[in-house]
Every structure is written in structure tokens, then in C-alpha cells.
Amino acid sequence: MDPVRCTPSGIEVKTCYHREDLPGLADEQPGKFPFSRGVQPDMYRGRLWTMRQYAGFSTAEESNRRYHYLLSQGVMGLSVAFDLPTQIGYDSDHPLAEGEVGKVGVAIDSLRDMERLFDGISLEKVSTSMTINATAHILLALYVALAKRQGANLGLVSGTIQNDILKEYAARGTYIYPPRPSMRIITDIFEWCSHELPKWNTISISGYHIREAGSTAVQELAFTLANGRAYVQAALDKGLDIDILGRRLSFFFNAHNNLFEEVAKFRAARRMWAGIMRDLGAKDPRAMMLRFHTQTGGSTLTAQQPLNNIARVTIQGLSAVLGGTQSLHTNGFDEALSLPTEEAARIALRTQQVIAHESGVADTVDPLAGSYYVEWLTLEMERRAATLMARIDAMGGAVAAVEQGFVQEEIARSAYEAQRDVESGRSIIVGVNRYRVEDEARVPVTQIDDSIRQLQSERLRQLRSERDKAQVQSCLADVRQAAAGPGNLMPPVIAAVEGLCTLGEISDTLREVFGEHG
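Conventions we followed
Note on numbering: residues in each chain are counted from 1, in written sequence order. Restriction of local features to residues with pLDDT of at least 70 applies here, the model being predicted, together with a cutoff of 80 or more for giving and counting side-chain atom pairs; totals for whole chains, interfaces and linings are based on all residues. Calculated side-chain values reflect all of the structure's heavy atoms, with hydrogen atoms and water omitted. Secondary structure is summarised from DSSP: a helix means a run of H or I of at least four residues, a strand means a run of E of at least two, and numbering begins at the N terminus for each. Using C-alpha atoms as the atom set, the radius of gyration is obtained and then compared with a globule rule of 2.2 Å times the number of residues to the power 0.38. The buried label applies to any residue whose accessible area, calculated with a 1.4 Å probe on protein chains only, is under 20% of its type's maximum; exposed applies above 50%, and partly exposed to all values in between. Whether two residues are in contact is decided by their heavy atoms: any pair within 4.5 Å suffices. A 1.4 Å probe and the Shrake-Rupley method give the accessible areas. Residues count as covered only by the protein chains that appear here. The positive count covers Lys and Arg only, the negative count covers Asp and Glu only, and His and the chain ends enter neither. The atoms used to mark charge sites are NZ of Lys, CZ of Arg, CG of Asp and CD of Glu. The working definition used for a salt bridge is a side-chain nitrogen of Lys or Arg within 4 Å of a carboxyl oxygen of Asp or Glu. Should DSSP find at least two bridges between two strands, the strands are regarded as paired. Axes, fitted as lines to C-alpha atoms, cover a helix only where it is in contact. Angles between the N-to-C directions of the axes lie from 0 to 180 degrees. Helix crossings are classified by the rotation of the near helix relative to the far one: an anticlockwise turn of less than a right angle makes the crossing left-handed, while a clockwise turn makes it right-handed. The pocket and cavity definitions rest on a 1 Å grid over protein atoms only: a 1.4 Å probe that fits but cannot leave marks a cavity, an open set with protein on both sides within 12 Å along at least five of seven lines marks a pocket, and residues lining either have an atom within 4 Å of a point. Grid points are joined across faces, edges and corners, and a volume is the space filled by probe spheres set on the points. Gly is put with the polar residues, along with every residue not named as nonpolar or charged; the nonpolar set is Ala, Val, Leu, Ile, Met, Phe, Trp, Tyr, Cys and Pro, and the charged set is Asp, Glu, Lys and Arg. A pair of aromatic rings is counted whenever rings of Phe, Tyr or Trp (Trp by its six-membered ring) have centres within 6.5 Å, and the orientation is called stacked for planes under 30 degrees apart, edge-to-face for over 60 and tilted otherwise. Here, nonpolar core refers to any group of buried Ala, Val, Leu, Ile, Met, Phe, Trp, Tyr and Cys residues whose side-chain atoms link them within 4.5 Å.

Participant: Even after reading the chapter, I still don't get the overall build of the chain, so can you show me in this structure?
Facilitator: Helix and strand counts for the chain stand at 20 helices and 11 strands. Relative to its length of 518 residues, the chain is compact, with a C-alpha radius of gyration of 23 Å against a globular reference of 24 Å. Taken along its principal axes, the extent of the C-alpha atoms in the chain is 75 × 60 × 45 Å. Per-residue burial over the chain gives 57% buried out of 518 residues. Sequence-distant contacts in the chain: of pairs separated by 6 or more residues, those separated by 24 or more amount to 79%. As displayed, the chain offers around 20,900 Å² of accessible surface, 50% of which is attributable to carbon and sulfur atoms. Distance between charge centres in the chain, computed from 54 positive and 64 negative side chains, equals 3 Å.

Below is the structure:
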């Protein structure tokens, strides 16, 4: 008897699909509502996706060197990784920063570090994505302050901040403040950027980390869209225009190894989001379009036989392109061992370039449309995700579902079941629980020097001795006053970073007003 086959989300897959499996399938067109087939009528024939490489480690100077290298190799946009102290609002010399400075990203303490990070790079000419959440307002302020110092026209400055705090409570943990004040910071960013930074994507609503924490593709889809709806509703409650806001939203999804489930997820996400935005009152079709960045799945990479990861990343990158992504980061094959070496980063970028220029998948729009299986799976992903979102609605929405622990428990259950399947052999991981070898060749890894904290601490001491102390205190008082009142936080935070207040000082000022979560 042919064994039952299921996708990683537990969707049973038949041996063969036929036209009868798709009763009433709509004749949809790319570039038109509900955008299942893509947000542009010509997709990659008009313009390829943006090829980004996520990079940031050690000092700002070292990261800057990597950025210049990547730009020279054909990268079209930068994607910045920050170290954990930066992500959770501590300066590099804080006791809790010990052992973490520069380890998983670059350490940014002040405007001077931001100047070093982008030295020789025009912020008018490069699109920058910053993976930052609890301190997103501060990193955006630093970026804006640097753009102003460069003499840039803020109307031309483009990029994205992740700025998605709800998934931090559920899946990742780099939060600072409780959910309600965190939502207030996010809507303040929406409001300020709508007037001052019109080309900036004010949030990247992230399913990536939900998936990395162990969710299924269906859960990634449902939880991400539920969070997105919560952010839009918070913005509407603040009086913002949904048609303006909607055009500046972006999403961030994971790509795993089951090619067709991933493609179906991306297609279903566009269709579902278009309906959500229409129901919330959007009239402009551009505000209903789900635009997304994709990163290949970090949790799928194996430390065993790491060169196998090149094949995994290729499949995942293909799924993102076949699913209609707007930008893509491909992981280095060595990332289960360390931050990627320069060679691994180059191979990851070349993987995208081979897909773009040699595979033929970019020659026509939505080439898998009309596949009985892909169309059926798209509808099934949508149905299951909608059912899960209805449960979240019954709890009072995404914020309430996080506060009640529902999302966390669902992800934990799926992660446990997936690990159990690997350990039992029901899920085959090549090189891990099948096709193992006794002697594996060693690959070089990136080493981060622990002296970086000492260097950053010395720079902080110098900064504090040289700056205007009275101005610093005045700026922090303005931040405190804005946080305690109804005013928008962005103007005083920008003034604070321009006055050489540090990231940790601004974060601590907000801790005094908002408190800390958990």
C-alpha cells in the first residue's frame, strides 16, 4: 500500500491531482486583486527581485568592509544584523552585554558607530533593511540622522525596519517594553514616516522568526497575517490613512525545503492579505498588495555535512522566486557553525544570481499557476490559516492571543512534534539521521574576537567625555516627556541621537516610563 504523504504542515497529499480537485477556481491575473499570482503584471520580466545579503558582525568598520565587498559583487540592497545588546537596548559597556558584543551582529551604540557602519555608502543610493524590533525607533533615528549629515534628501531615502514586536513575544524574545507601549512606539513610527520618510517601509511583519521557532508553514502564515492586521488596526485607531499606510507595509517570510508548500504559502498570503486590507477599508489596490522579503531557513541548515546546505538554500531560494518574492536573502552554507565567511556569503549570492539568470524561472509570471497540485495546495493553506486566524479573533486579536500564551503554545507544540519526527526517522534529514558519514571535512568558520567589547567601551567613554552633557540631559528629558504624553516619540529620539545620546540611554529613559515586559 502506498504510504500516506503529508507536507510538513500535516496536509495530506494525494498521489495525483485533477481538474475536479479545483471546483470554481477563479481566473486570476497577476498585478490585479487579490494578487495571488503576484503584485506586478510582469513580475521579474520588468525587474528582478532585490538581492540582499544579511550581514553585520564585530565592529562597524568590519561590517562596513563586508558591505562594500557585497556591493561590489552585485548585491542590490543591504540587510543589517545587529548584536543582541543593540537589539535589547543596552550599550556595549552594560554588564548584561558581556559576552555578546559584536557576536550575532554589529554593535551600534551611538551616531558615531552608525557613521562608521555606512562610511563611503550613500544612503540616497542604497536600500537598507534593518532587522531590529524593540529598538527600531532608535536605529531608524540614527539612520535618519546620518542621512541628514550626508545631505541626503529624505524623500529619496529607502529601506525597511523590521519593527515587528508581536512576534518577539511569541517566538524570539528580544523585547523590552510591554505589548501596549510597544504598539504605541510602532504607530508613532508609522505616523512620523508617513510625513517625513515617504519611501521607507515602516514595518516588516515577520513570519520568519515564527517559523525559526518551530511553527509550521500554516502557522507562520496565520500568525503573521494576524499580527499584520493588529498593526493596521492600531494605526487606524491612531487616525492614520489606511491607503497611505498600506503602501508602506512589507512582510518577511521564511523559505523551507518543501518547495510546493512554500510556493503555495506565498500565493495564499497575498490573496488573504488583499482581503484583510479591503475589509479594513482600503480602497487603493496598492495598499492591498502584500510585498515581502524572504530569507532561506536558518533552522533547516545542518552542522553535519554543511556543504549539503547549498542544495537546501537553492531549493528554498527557488520557492521564494516561484512564489513571487520582492527581495531575497540566501543563507551561507556554514551558518549552522558560525557567522558566514566571505566565501560562503559569495556562494549564497551566486546562488541567487544563477536562479535569476540561468534557471529560466524569471522568464514568465507565476510559472506554477494552473498546476492542479499548487492551486489546490494554495487554497488548502488559505483555508487552514483562516481557521487558525478565526481562533485568534475569538480571543480578542493578536495582542490578546500573545498575552494569553496561545501563539507561544502552538509554536512550541509544532516544534516538539517536528523534533520527535526527526528523532524517530519519520522525517529524513540528509546527513543527520540518514546518509551519515564517519569523517567529515572541516570548513573554516568566522571567529569574533572578545576584545570588541573593550573597544566599544573605550569609544563610549570617549564619546561621553567629549559631548555636551547638558544637551544630553535635555534631550533625554524631552524623550521622557514625549513618552509620558500623547506626543510622537520620533522627533525627540532623532534629536537625542543627534545630540550623541546613546542607544542604551534612550532605551533606559523609556524603561523608566513604560516598564519592562516579563
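Participant: What is the right way to read the pattern of salt bridges from this model?
Facilitator: A side chain of one charge can pair with a side chain of the opposite charge if their charged atoms are brought near each other. For the coordinates displayed, the defined rule picks out 40 salt bridges. Note that Glu498 and Lys148 form a salt bridge whose closest N and O atoms lie 2.9 Å from each other. Linking Glu498 in helix 19 (residues 490–498) with Lys148 in helix 4 (residues 136–150), this pair joins segments that are 350 residues apart in sequence. In this structure Glu498 comes out as partly exposed when scored by relative accessible area, which is 31%. A salt bridge links Asp279 to Arg278, with the shortest nitrogen-to-oxygen separation between them at 4.0 Å. Judged by relative accessible area, which is 45%, Arg278 ranks as partly exposed.

Participant: Looking at this structure, how should I read the pairing of strand 10 (residues 292–296)?
Facilitator: Residues in a regular strand project their side chains so that they alternate between the two faces of the sheet. By the criterion of burial, strand 10 is predominantly enclosed, with five of the five residues buried. Burial along strand 10 is two-sided: the face carrying Phe292, Thr294 and Thr296 and the face carrying His293 and Gln295 are both buried. As judged from the five bridges shared by strand 9 (residues 249–255) and strand 10, these two strands associate in the parallel manner. By the bridge assignment for strand 10, Asn254 is matched with Gln295.

Participant: Where do I start with the sheet that holds strand 3 (residues 50–55) in this structure?
Facilitator: Sheet strands pair by backbone hydrogen bonding; their relative direction is either parallel or antiparallel. If you trace the nine strands from one edge of the open sheet to the other, you get 7-6-5-4-3-11-10-9-8, paired in parallel fashion. The open sheet is flanked by strand 7 (200–201) and strand 8 (203–206), the only strands paired with a single partner. As paired strands, strand 10 and strand 11 (residues 327–329) are joined by three bridges and run parallel to one another. In the strand pairing of strand 11, Thr294 is matched with Leu328.

Participant: Sorry, what's going on with the side chain of Ser250 here?
Facilitator: Note on placement: Ser250 falls in strand 9. Classification of Ser250 by relative accessible area gives buried; the value is 9%. Sequence-distant contacts of Ser250, that is, excluding residues within four places in its chain, are made with Thr160, Asn201, Ile203, Ser204, Ile205 and Arg291.

Participant: Honestly, the packing of helix 18 (residues 469–484) against helix 20 (residues 503–514) in this entry has me stumped. Any pointers?
Facilitator: To characterise two packed helices, one gives the angle between the axes of the helices and the distance between these axes. It is the contact of helix 18 with helix 20, at a shortest axis distance of 9 Å, that shows an interaxial angle of 35 degrees. Of the two elements, helix 18 crosses helix 20, and the hand of that crossing is right-handed. Listed contacts from helix 20 to Val472, Leu476, Val479, Arg480, Ala483 and Ala484 of helix 18 are Glu505, Ile506, Thr509, Leu510, Glu512, Val513 and Phe514.

Participant: For this particular structure, what's the right way to read the layout of surface pockets?
Facilitator: To find leftover empty space, a probe the size of one water molecule is rolled over the atoms. The computed volume of the largest pocket comes to approximately 1,500 Å³. Every residue lining the largest pocket is counted, 41 residues in all, and those nearest its centre are Pro8, Ala418, Val422, Ser427 and Ile429. Approximately 940 Å³ is the volume attributed to the second largest pocket. As for the second largest pocket, its lining consists of 39 residues, of which Arg47, Thr50, Asn201, Arg291 and Gln326 are closest to the centre. Breaking the lining of the second largest pocket down by element, the ones donating at least two residues are strand 3, strand 5 (127–131), strand 6 (159–161), strand 9, strand 10 and strand 11. Partitioning the lining of the second largest pocket into residue classes produces 12 nonpolar, 20 polar and seven charged.

Participant: Help me out: how do you make sense of the packing of aromatic side chains in this one?
Facilitator: Pairs of aromatic rings are described using the distance from one ring centre to the other and the angle between the two planes. One pass over the structure, following the stated rule, counts 17 aromatic pairs. Ring centres of Tyr17 and Trp376 lie 4.9 Å apart, and the angle between their planes is 35 degrees; this geometry places the pair in the tilted category. One end of the pair, Tyr17, is in the loop between strand 2 (12–13) and strand 3; the other, Trp376, is in helix 14 (residues 372–395), with 359 residues separating them in the sequence. The two residues Tyr17 and Trp376 agree in class, both being buried.

Participant: What should I look at first to understand the nonpolar core in this one?
Facilitator: Nonpolar side chains in soluble globular proteins generally cluster together in the buried interior. Membership of the largest hydrophobic core comes to 144 residues, with the highest contact counts inside it found for Met114, Phe118 and Met130. If we ignore the near neighbours within four places in the chain, the residues touching Met114 are Ile108, Met130, Leu139, Leu142, Tyr143 and Leu146. If you look at the next biggest cluster of nonpolar residues, it comprises six residues, including Ala97, Val101, Ile448 and Ile452.

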